[in-house]
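# Fold and contact review
Listed below, chain by chain, are the residues.
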Amino acid sequence: IKKTLAEMREYLYKILVVGDLGTGKTSIIRRYVHNIFSSNYKSTIGVDFALKVIQWGPDLIVRLQLWDIAGQERFGNMTRVYYKEALGAIVVYDITRPQTFEGVTKWKKDIDTKVALPDAWGGGQIPVILLANKTDLIGEGHGQHANPTELDQFCNENGFLTWFETSAKDNSNIEEATRHLISAILKLE
Ligand code: GTP
Ligand code: MG
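Residues numbered from 1 in each chain as written. Chains lettered and ligands numbered in written order. Predicted model: local features only at pLDDT ≥ 70, side-chain atom pairs only at ≥ 80, totals over all residues. Heavy atoms only, no water.

## A word on helix H1 (residues 25–34)
One turn of the α-helix equals 3.6 residues, which is why residues spaced by three or four share an orientation. Formally: Exposure is judged per residue with a 1.4 Å probe applied to protein chains only, and the accessible area is read against the type maximum: over 50% gives exposed, under 20% gives buried, and values in between give partly exposed. The numbering of helices and of strands both runs from the N terminus, where a helix is a DSSP run of H or I of at least 4 residues and a strand a run of E of at least 2.
Regarding H1, the residues found buried are Lys25, Ile28, Ile29, Arg31, Tyr32 and Val33. Following H1 by one or two positions, Asn35 adopts a phi angle in the positive range, close to 55 degrees.

## Quick notes on the pattern of salt bridges
Cut-off, in case you're wondering: What makes a salt bridge here is a side-chain nitrogen of Lys or Arg within 4 Å of a carboxyl oxygen of Asp or Glu, nothing more.
Tallying each qualifying case throughout the model produces six salt bridges. The salt bridge involving Arg74 is made with Asp20; its shortest N-O contact spans 3.2 Å. Placement of Arg74 in the loop between strand S4 (60–69) and helix H2 (79–83) and of Asp20 in the loop between strand S2 (8–19) and H1 is noted, with a sequence separation of 54 residues between them. Two residues, Asp110 and Lys114, come together in a salt bridge whose shortest N-O distance is 2.6 Å.

## Structural notes on the site of ligand 1
Quick reminder of the rule: Proximity is defined per residue: any heavy atom of the residue falling within 4 Å of a molecule or strand makes that residue near it. Under this definition, polar contacts are N or O atom pairs within 3.5 Å; protein pairs additionally need one hydrogen-donor-capable and one acceptor-capable atom, and for neighbouring residues in sequence, both atoms have to be side-chain atoms. For accessible areas, the Shrake-Rupley method is used with a probe of radius 1.4 Å. Any residue's cover is judged against the shown protein chains and nothing else. The way it works is a 1 Å grid over only the protein atoms, where trapped points that fit a 1.4 Å probe form a cavity and open points with protein on both sides within 12 Å along at least five of seven lines form a pocket, and then any residue with an atom within 4 Å of a point lines it. Criterion for pocket placement: a molecule counts as inside a cavity or pocket if more than half of its atoms are within 2 Å of its grid points. Ten residues, namely Ala, Val, Leu, Ile, Met, Phe, Trp, Tyr, Cys and Pro, are considered nonpolar, four, namely Asp, Glu, Lys and Arg, are considered charged, and the remaining ones, Gly among them, are considered polar.
Lys25, Ser27, Tyr41, Ser43 and Asp136 are the nearest of the 23 residues found near ligand 1. Between ligand 1 and the protein, one listed contact pairs an oxygen atom with a backbone N or O atom of Gly22 at 2.9 Å. Measuring from a nitrogen atom of ligand 1, one finds a side-chain N or O atom of Asp136 at 2.7 Å. For ligand 1, whose accessible area on its own is 650 Å², the fraction buried by protein is 93%. When atoms are counted within 2 Å of each cavity's grid points, the one that captures over half of ligand 1 is the largest pocket. A total of three residues in the shell around ligand 1 trace back to one element, the largest contributor, which is H1. Taken together, the residues that form the shell around ligand 1 break down as six nonpolar, 13 polar and four charged.

## Looking at helix H3 (residues 99–114)
Rule in force here: Multiplying 1.5 Å by the residue count of a helix minus one yields the expected span of that helix. The arc under discussion is defined with respect to the helix axis, by the directions toward the C-beta atoms. Residue contacts are counted whenever heavy atoms from the two residues lie within 4.5 Å of one another.
A rise of 1.5 Å per residue sets the reference length of H3, with its 16 residues, at 22 Å; its end C-alpha atoms lie 24 Å apart and thus fit the reference within 8%. Of all the residues in H3, the buried ones are Thr100, Gly103, Val104, Trp107, Lys108, Asp110 and Ile111. Along the axis of H3, the buried positions cluster into a sector of 160 degrees, meaning they face one direction only. For H3, the exposed residues set more than 90 degrees away from the buried face come down to Glu102, Lys109 and Thr113. Buried positions along H3 lie against S2, H2, strand S5 (88–94), strand S6 (128–133) and helix H4 (148–158).

## Some words on the coordination of the magnesium ion (ligand 2)
The following threshold applies: The donor set comprises N, O and S atoms within 2.8 Å of the metal, extended to 3.2 Å for Na, K and Ca; water molecules are omitted, so apparent gaps in a site may simply reflect that omission.
Around the magnesium ion (ligand 2), the protein contributes the donor atoms Thr26 (OG1) and Thr44 (OG1), which lie 2.0 Å from the metal centre. Of this pair, Thr26 sits in helix H1 while Thr44 sits in the loop between H1 and strand S3 (47–57), and the two are 18 residues apart along the sequence. Here Thr44 falls in the buried class, since its relative accessible area comes to 10%.

## Let's talk about the confidence of the model for the protein
Low-pLDDT stretches of the model should not have their predicted coordinates read in fine detail. Rule in force here: The predictor attaches a confidence to each residue, and that confidence, scored 0 to 100, is pLDDT.
Model confidence for the protein is summarised by a mean pLDDT of 95, while 97% of its residues fall at 70 or above. As scored by the predictor, the complex reaches a pTM of 0.96 and an ipTM of 1.00.

## A look at the pairing of S4
Remember that side chains alternate between the two faces of the sheet whenever the strand is regular. Here is the rule we go by: Strands are treated as partners if at least two bridges between them are detected by DSSP.
Within S4, eight of the 10 residues are buried, which leaves the element mostly enclosed by the surrounding structure. Sheet analysis places S2 next to S4, joined by nine bridges and oriented parallel. Its bridge partner lying in S4, Ile15 is registered against Leu66. Here 10 bridges tie S3 to S4, and the two strands are oriented antiparallel to one another. By the bridge assignment for S4, Ala50 is matched with Leu66. Hairpin connection from S3 to S4: two residues lie between these consecutive antiparallel strands.

Next comes the structure, spelled out in structure tokens:
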């Protein structure tokens, strides 16, 4: 959605945030939007929303409408409705629980079968990035860093733009990851 205010441009982008239960989707969004973190786990029911307004350049404002979709929704039948008109997605897994990485391919397939770019933008797959979250726990003796070569290859084979290691707790790489996704969407404009 495009709005021209004198010389100002303003874009509104709907972004999906998906991944298995407890991987840190809500925490990543809270960190990104409100700069807070809590170690209490309160599972999302259905979907939550958050808005982040970014001054991208002197004459461009990007409004990100973040759709925080509950991990348990992969087993429901609402995702088609939630995904409607999304222009990008973030898939999250938890590096301390390898089984959540198996969820990554399933979420990506779910996205690719249920949503596409608008026809005016070619109708292809929406840009998707992969987040390997909770890297702060490596220092605590849980999980390990991703193998960059393996993850690069995984992203190539599965149609992810790229991947980032993140920590919602330490506020690491979340801005960088979202910036990468926004850049990719802006290139489609
Ligand atoms: P659902 O809504 O159930 O799908 O889960 P979710 O993906 O939204 O996970 P949520 O953000 O609620 O986080 C689950 C638990 O992991 C919480 O206890 C968080 O505090 C914790 N957590 C999330 N991100 C991080 C992180 O980067 N580091 C650490 N140490 N804990 C995290
Ligand atoms: Mg949640």
